[in-house]
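Structure at a glance
Listed here are the chains, written in short residue letters.
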Amino acid sequence: MIIDSADLDEKSAYKLLIGSVIPRPIAWVSTLSTEGVGNLAPISFFTVVGRKPPRISLSMQPRSDGATLKDSFVNIRDTGEFVTNMATLPQIDGLHRSAFEFEPDVDEFDAVGLEKEPSEAVRPPRIKGAPSLSSAPSSASSRRPTDSTTSCGGNVVRFYIRDDLHVGGRIDFGAIAPVGRLAAEYTLVNNTFVPPLAPEVLQEHSGRRMERLDQKDEYYSPIDTPHWSPSGSTTSLD
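For every chain, the first residue of its written sequence is number 1, and the numbers climb from 1 along that sequence. Per-residue local features are limited, in this predicted model, to residues with pLDDT of at least 70; the limit for side-chain atom pairs, both in listing and counting, is 80 or more; totals at the level of whole chains, interfaces and linings are taken over all residues. Excluded from the side-chain calculations are hydrogens and water; all other atoms, namely the structure's heavy atoms, are used.

**With respect to the overall build of the chain**
Comment: elements are numbered from the N terminus, with helices defined as DSSP H or I runs of at least four residues and strands as E runs of at least two. Helix and strand counts for the chain come out as 5 helices and 14 strands. For 238 residues, the compact-globule estimate of 2.2 N^0.38 gives 18 Å, and the chain sits close to it at 18 Å. Based on the C-alpha atoms only, the size of the chain along its principal axes is roughly 55 × 50 × 35 Å. Taken over 238 residues, the chain has a buried fraction of 39%. Computation of the radius of gyration draws on C-alpha atoms, with the globule rule given as 2.2 Å multiplied by the number of residues to the power 0.38. The buried label goes to any residue with under 20% of its type's maximum accessible area, the exposed label to any with over 50%, and the partly exposed label to all in between, with areas taken from a 1.4 Å probe on protein chains only.

**Things to note about unusual backbone geometry**
Residue I22 is joined to P23 through a cis peptide bond whose omega torsion reads -15°. Its place among the elements puts P23 in the loop between α1 (10–20) and β1 (24–25). Here the amide bond leading from K52 into P53 is cis, since omega sits at 5°, within 30 degrees of zero. Within the fold, P53 resides in the loop between β4 (46–51) and β5 (54–60). Although it is not a glycine, A177 sits at a positive phi angle of roughly 60°. Mapped onto the elements of the fold, A177 is located in the loop between β12 (170–171) and β13 (179–182). The class for A177 is partly exposed, based on a relative accessible area of 29%. Non-glycine residue Q215 carries a positive phi angle of around 70°. One can find Q215 in the segment after α5 (199–205).

**Examining the sheet that holds β13**
Pairing between strands is defined by DSSP: at least two bridges between the two strands are required. Taking strand neighbours across the sheet as the criterion, the 3 strands line up as β1-β13-β14 in an open arrangement whose pairing is antiparallel. Edge positions in the open sheet fall to β1 and β14 (185–188), since each of these has one partner strand only. Inspection of the sheet shows β1 paired to β13 by 2 bridges, in the antiparallel sense. From the neighbouring strand, P25 faces β13, where its bridge partner is G180.

**Digging into the pairing of strand β10 (residues 150–159)**
With 7 of 10 residues buried, β10 is to be regarded as a mostly interior element. As paired elements, β5 and β10 share 6 bridges and run antiparallel to each other. Residue pairing for β10: S57 is matched across the bridge by G153.

**Considering helix α2 (residues 71–79)**
Within α2, burial applies to D71, S72, F73, N75 and I76. A positive phi of about 75° marks G80, the residue just after α2.

**What about the side chain of S33?**
Mapping S33 onto the fold places it in the loop between β2 (27–32) and β3 (38–43). Take S33: its relative accessible area is 8%, and that puts it in the buried class. With sequence-adjacent residues up to four places away left out, S33 is seen in contact with N75, T79 and R123. Pairs of residues are marked as contacts when any of their non-hydrogen atoms sit within 4.5 Å.

**Observations regarding the pattern of salt bridges**
Salt bridge, as used here: a side-chain nitrogen of Lys or Arg that lies within 4 Å of a carboxyl oxygen of Asp or Glu. Overall, the coordinates contain 10 salt bridges when judged by the stated rule. Here D164 ties to R162 by a salt bridge, and the two come within 2.7 Å at their closest N and O atoms. The residue E204 makes a salt bridge to R208 at a minimum N-O spacing of 3.7 Å. Its relative accessible area of 47% is what places E204 among the partly exposed residues. Because the salt bridges share partners, they merge into one network encompassing E185, R212 and D214.

**Some points on the pairing of strand β6 (residues 83–86)**
Residues V83 and N85 point to one face of β6 and T84 and M86 to the other, with burial holding for every one of them. Bridge count for β2 against β6 is 4 bridges, and the pairing is antiparallel. If you follow A27 over to β6, its bridge partner there is M86.

**What about the environment of L40?**
Looking at the element boundaries, L40 is found in strand β3. Owing to a relative accessible area of 1%, L40 belongs among the buried residues under this scheme. In this structure, the C-alpha to C-alpha distance between L40 and R123, residues 83 residues apart in sequence, is 14 Å. Residues in contact with L40, not counting those within four places in the same chain, are W28, V29, S30, S98, E108, F109, V112, L114 and I127.

By themselves, these figures tell us nothing about what the structure is for.
Below you can see the structure in the form of structure tokens.
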């Protein structure tokens, strides 16, 4: 099937994008409002955009009403600071719950039962127990591109790396159990390889469907349910 993007509305294009750009790393972003209220949000439109200085970028959809800016973006815009925490399997329930659309005056660390860890160079706290890496941009720029998406970027001023994961100047990602995003679902990264692979390994894995860890039907997708919206937010804390 060939689809002309000019024929798609914003929601339809978003569905195809999030199913095509996979797996996506998740920036579990912690911010503070100007009043000091803690906020958390998993953001999977996230990437590295520079090395010297190290720089990252985030893009966010509006809240589920399609218009209101997300608290994370407002906090970054107003304070110029944020922290990214790594998404891993041991904390996946807290991560998923933090996608719920809380009111701006609710401290989301308390709401989802996560502890704060002080950051050294910026005011927003890190998530206690989130392993390996947090980045804390000292200055953040924000803008609205061509549609309802908002984008921001910042320079990384601190890397917080757990001692047992820092090996010879690199991160031992094999000990982390990182989680990524597939459309509206998650994926556990639990294997690695360097090509070439043996023909029998290629044959074994080619054309095989992913294994579901949640016991749902193999064709299940949250996108097909009434609880999904292009905001990326969850509608329930369950």
